[in-house]
Amino acid sequence: TEGEVELLGVPLSSARRKNLPPLRRRIGVVHQEFRLLRHLSAWDNVALPLRLAGVAESTVRNDVAELLDWIGLADKMERRPEELSGGEQQRLAIARAVVTRPALLVADEPTSELDARQARRTLALLAEMNRQGVTVVVATHSEDLPARHPARMLTLEAGRLVSDG
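Thresholds applied
- Residues numbered from 1 in each chain as written.
- Predicted model: local features only at pLDDT ≥ 70, side-chain atom pairs only at ≥ 80, totals over all residues.
- Heavy atoms only, no water.
- Pairing = 2+ DSSP bridges.
- Helix = DSSP H or I, 4+ residues; strand = E, 2+ residues; numbered from the N terminus.
- Axes fitted to C-alpha atoms, helices over the stretch in contact; angles between N-to-C directions.
- Contact = heavy atoms within 4.5 Å.
- Buried < 20%, exposed > 50% of the residue type's maximum accessible area, 1.4 Å probe, protein only.
- Core = buried A, V, L, I, M, F, W, Y, C linked by side-chain atoms within 4.5 Å.
- Patch = residues over 30% accessible without salt bridge, like charges linked within 9 Å, V, L, I, M, F, W, Y side chains within 5 Å.
- Areas by Shrake-Rupley, 256 points an atom, 1.4 Å probe, with all protein chains shown as cover.
- Salt bridge = Lys/Arg side-chain N within 4 Å of Asp/Glu carboxyl O.

Draft legend 1. Summary view of the sheet that holds strand E5 (residues 135-139). Strand order across the open sheet formed by three strands is E3-E4-E5, with parallel pairing between neighbours. Each end of this open sheet is capped by a strand with a single partner; those strands are strand E3 (27-30) and E5. Adjacent strand axes in the sheet meet at a mean angle of 10° when their direction is disregarded. One ladder, built from four bridges, connects E3 with strand E4 (residues 104-108); its direction is parallel. For Ile27, the partnering residue across the bridge sits in E4 and is Leu104. On the sheet, helix H4 (residues 86-98) packs against E3 and E4 and is oriented at approximately 175° with respect to E3.

See the structure below:
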């Protein structure tokens, strides 16, 4: 009900609308329902944020190829999202969120569709990003995830903060 929200050094109450797109480009988001663009291939879904940011096409090709290989989808780069399993779509959504090397990564249930091996790899990626200075916020209902990856944890119940530990 009071105070100031500041995001990546920008006070939001005084931010001008025209200054928000550059701020948004510094944020990667992994949506729980993936929000992949159905008419684009896996390749183009990952490349889109880089292209929107005006990154040189040679860099786009290298970065997208590297990420698709890392997430195990290099052989499915031409497939559309509906041709991929739920876990593959989730990995694709994560790749799209991290390809720009954002300053802030917000991930809603980023491992919910992944098998144990892929979940470990994904969490290792998020931990490495955090180690390199990216602020990583993960929302989860899993009680096991925070136990295996200790970090600052906020607990919400009915939309209210009940624990900050």
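Draft legend 2. The arrangement of the pairing of E5 in detail. Summarising the sheet, E4 and E5 pair through five bridges and their orientation is parallel. Each residue of the ladder has a partner; that of Leu105, found in E5, is Val136.

Draft legend 3. The arrangement of the environment of Gly133 in detail. On the secondary structure map, Gly133 appears in the loop between helix H5 (116-131) and E5. Looking at Gly133, the relative accessible area reads 58%, which means it is exposed. A C-alpha to C-alpha distance of 26 Å links Gly133 and Ser14, two positions 119 residues apart in sequence.

Draft legend 4. Layout of the nonpolar core. Of all hydrophobic cores here, the largest spans 30 residues; its most connected members are Val46, Val64, Leu68, Leu92, Val98 and Leu105. Of the residues forming this core, the biggest block, six residues, is contributed by H4.

Draft legend 5. Seen up close, a nonpolar patch on the surface. A surface patch of nonpolar side chains, about 190 Å² in accessible area, is lined by Val29, Val106 and Val137. Here Val106 lies in strand E4. Accessibility expressed as a relative area gives 32% for Val106, which makes it partly exposed.

Draft legend 6. Looking closely at the side chain of Gln118. Here Gln118 is to be found in helix H5. Those residues in contact with Gln118, other than ones at most four positions away along the chain, are Ile71 and Arg91.

Purely spatial values, then, with no claim about function.
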